[in-house]
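Coordinate analysis (summary)
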Amino acid sequence: MTAAGRAAPIEVSYFPGCSLATTAKENNQSLIESCARLGIRLVEIPDWNCCGSSSAHSIDHRIAFDLACRNLALAPAGRPLVTACPSCTLRLKHAQHLLRHDAGARGRYETLWGRPYDPDLHVRHFFGLMVEIDWRSRIGNGDVVPLDLTFAPYYGCMLNRPAALRPSTDHHGVMERVLGDLGMRSVLWASSTQCCGTFLTVARPDIVTPKVNAILQNAADSGAECVVTACAMCHMNLEVRCTLKAPIPIFHFSELIALAFGSARRDWFSRHLIDPRPLLSRKGLAA
Amino acid sequence: MERSEAAMTPPKGPPIRLSALDPQFSREIKRLAGTDFHACLQCRSCSGGCPFSDHMDYMPNGVMRLVQLGLKQEALSCNTIWICVGCHTCSIQCPMAIDIPGVMDALRERALAERVAVIEPDILAFHREVLHSIARYGRTHKLEIMLRYKLKRRDLFSDLDVGLRMLAKRKLDLTPSRIEQIAEIQKVFRP
Ligand code: SF4
Ligand code: SF4
């Protein structure tokens, strides 16, 4: 799905999910903006609903399945459904797995949503789009500017999947490859795939705070100037639960791509609880 | 190499009564979870990798043993099933490809169906508030989830600083993002 710069944009369906629609608007806007620059138009599926988050599958598998399925049913045929949040992606793909293998699940889908399920609907996380772009030639022709930053790539639990979903696309190293092509340097560090604690942040902050502090301390000790997250939920947990004195800033992956395109907006960075603007201006990258 | 004290200490849970084995329970969880935990060979990779095992009474491998044996009461009342966040750090390391958080999901659901006393009521209260929000708006409204959760616990003031910082940074919308066809969501929540 690579797209030439000025040609008519390619349209894909888009599922932003609740975090990007609310707490992480900067994640959403930077992703939409970056895709626009790549000639990809993200078209929100009409009237999408919450994928069920961690809570639905935690206490009621049927509600979790139905919530995911309504979104699948709303996605128009013939174009991929691009997702932004790793956990929404997992919920949607898990529902597709059940639909593929369980006639009862397909029956329920048809009864509730009044149409057969589309076995060809390709749910793909936007990492898959970004890794297909030839970033180096875009630097060559001045389309993007290289970013002089050393970063700790933070995937959280994104790379983990249950065995049944393991044949689906693997996203190991995507941030290192893309941002590396954009001139950034990644550090090797121990907490890259440490879970951020997700919903325990609300009911058990006593568990999450030390985890988050260890992750951010580890990133700083590894020589990173910033952390880059794949997931808006991780981004929020790291920022909200950190109690270190001077933590390094945390960017959404999509913000850095927009920054390289020169289309980052100041009000994205002013929404961060750990202010990244001093680092950006020190590096001459002020948006 | 000498084994550490911790490695030789039996897990913290209550003593296991072998008279209480319930094979029917074992079959039921296997059906619900859709994964064969009988393949578990107790290698403990899951527990070694689990980021939250320090806070669990039974380690994840211990829970696999409980469901293999059909120790229903122990499996349904342990705090492990509530602390587990479903991050799949365990299942990606499991040599037998067991969907360990899938087993935790099944156990949580059974525990609620059988009205077993929930050892982590705050975690359950949070999940219920999230579902309440989805049922009402079709999406999650974080500010309302937090306020209702705190009211239920009669504790409005812990974490107040975090809430205020998020409000100041425009991270908590005052009004919900909601869907139009809410009747379709109500269909989902109808029992
Ligand atoms: S990693 Fe798998 S096989 Fe090993 S103890 Fe855990 S569940 Fe059992
Ligand atoms: S899914 Fe649950 S048991 Fe497995 S590593 Fe994560 S928290 Fe631990």
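What this report covers is the structure whose coordinates are included nearby. (Residues numbered from 1 in each chain as written. Chains lettered and ligands numbered in written order. Predicted model: local features only at pLDDT ≥ 70, side-chain atom pairs only at ≥ 80, totals over all residues. Heavy atoms only, no water.)

1. Description of the overall build of chain A
Assigned secondary structure in chain A consists of 15 helices and eight strands. Scaling as 2.2 N^0.38, a compact globule of 287 residues should have a C-alpha radius of gyration of about 19 Å, and chain A matches this with 19 Å. Along the first, second and third principal axes, the C-alpha set of chain A runs to 60 × 50 × 30 Å. Counting all 287 residues of chain A, 60% fall into the buried class. Of the accessible surface of chain A, which amounts to about 10,300 Å², a share of 53% is contributed by carbon and sulfur atoms. (Helix = DSSP H or I, 4+ residues; strand = E, 2+ residues; numbered from the N terminus. Rg over C-alpha atoms; globule rule 2.2 N^0.38 Å. Buried < 20%, exposed > 50% of the residue type's maximum accessible area, 1.4 Å probe, protein only. Areas by Shrake-Rupley, 256 points an atom, 1.4 Å probe, with all protein chains shown as cover.)

2. A look at the sheet that holds strand β8 (residues 250-252) of chain A
Residues and elements named next belong to chain A. Pairing is parallel across the open sheet formed by four strands, whose spatial order is β6-β5-β7-β8. This sheet does not close on itself; its edge strands, each paired only once, are β6 (185-186) and β8. Both strand β7 (residues 226-229) and β8 contribute to a ladder of three bridges, which runs parallel. Bridged to Thr229 within β8 is His252. Together, β5 (150-154), β6 and β7 form the strand contacts of helix α9 (residues 174-181), whose direction differs from that of β5 by roughly 155 degrees. Packed onto the sheet, helix α13 (residues 253-260) meets β7 and β8 and runs at close to 75 degrees relative to β8. (Pairing = 2+ DSSP bridges. Contact = heavy atoms within 4.5 Å. Axes fitted to C-alpha atoms, helices over the stretch in contact; angles between N-to-C directions.)

3. Here's the deal with the site of ligand 2
In the vicinity of ligand 2 there are 13 residues, among which B:Cys50, B:Cys84, B:Cys87, B:His88 and B:Cys90 approach most closely. Residues of the shell around ligand 2, tallied by class, amount to 10 nonpolar, three polar and no charged. (Near = heavy atom within 4 Å. Nonpolar A, V, L, I, M, F, W, Y, C, P; charged D, E, K, R; others polar.)

4. Notes on the environment of B:Met146
Residue and element names in this part refer to chain B. Considering the arrangement of structural elements, one finds Met146 in helix α9 (residues 142-152). Overall, the relative accessible area of 24% leaves Met146 in the partly exposed class. Expressed as a C-alpha distance, the spacing of Met146 and Val130, which sit 16 residues apart in the sequence, is 9.2 Å.

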